[in-house]
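Structure assessment
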Amino acid sequence: MNTSPITSWDGAEAYFTFADKPAVLVALVLIAAGICVGGIISMIRHESYSYKKFE
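Let me sum up the structure you'll find in this document. Keep in mind it's a predicted model, so treat the numbers as computed, not measured. Within each chain, residues carry numbers counting from 1 in the order of the written sequence. Local features in a predicted model are, by the rule used here, given only for residues with pLDDT of at least 70; side-chain atom pairs are given and counted only at 80 or more, and totals for whole chains, interfaces and linings are based on all residues. Just so you know, side-chain values use all the structure's heavy atoms and leave hydrogens and water out.

**Observations regarding the overall build of the protein chain**
The condition is simple: We count a stretch as a helix when DSSP gives it H or I for four or more residues in a row; a strand needs E for two or more, and each element gets its number in order from the N terminus. Any residue under 20% of the maximum accessible area for its type is buried, any over 50% is exposed, and the rest in between are partly exposed; the area is computed with a 1.4 Å probe on protein chains only. Per-residue and other accessible areas were derived by the Shrake-Rupley procedure at a 1.4 Å probe size, with only the shown protein chains allowed to occlude residues.
From N to C terminus, the protein chain includes 1 helix and 0 strands. Residues classed as buried in the protein chain amount to 2% of the 55 residues present. Summed over its atoms, the accessible surface of the protein chain is roughly 5,500 Å², and 66% of this surface lies on carbon and sulfur atoms.

**Some details on the pattern of salt bridges**
Inclusion rule: Salt bridges are counted wherever a side-chain nitrogen of Lys or Arg sits within 4 Å of a carboxyl oxygen of Asp or Glu.
The final tally for this structure, using the stated rule, is 1 salt bridge. Residue K21 is joined to D20 by a salt bridge in which the shortest nitrogen-to-oxygen separation is 3.5 Å. Its relative accessible area of 41% is what places K21 among the partly exposed residues.

**With respect to a nonpolar patch on the surface**
The cut-off we apply is this: Distance thresholds for patches are 9 Å for like charges and 5 Å for nonpolar side chains (Val, Leu, Ile, Met, Phe, Trp, Tyr), applied to residues having over 30% relative accessible area and no salt bridge.
On the surface, F18, L25, L28, I31 and I35 cluster together into a nonpolar patch covering about 470 Å² of accessible area. By the element assignment, L28 lies in helix α1 (residues 22-54).

Don't take any of this as a statement about function, it's just geometry.
Below, the structure written as structure tokens:
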């Protein structure tokens, strides 16, 4: 069952899967931000714990 309105990809320079679904885009950005913030927090905890050993 082919329900796509696109009949040919000729001349297409880019296509965006979730361009018409802002909620999905927001969710993906929040997930990416959470991963970045979680990594930074994890790094800070690790560095603090590591340098306490040497003091």
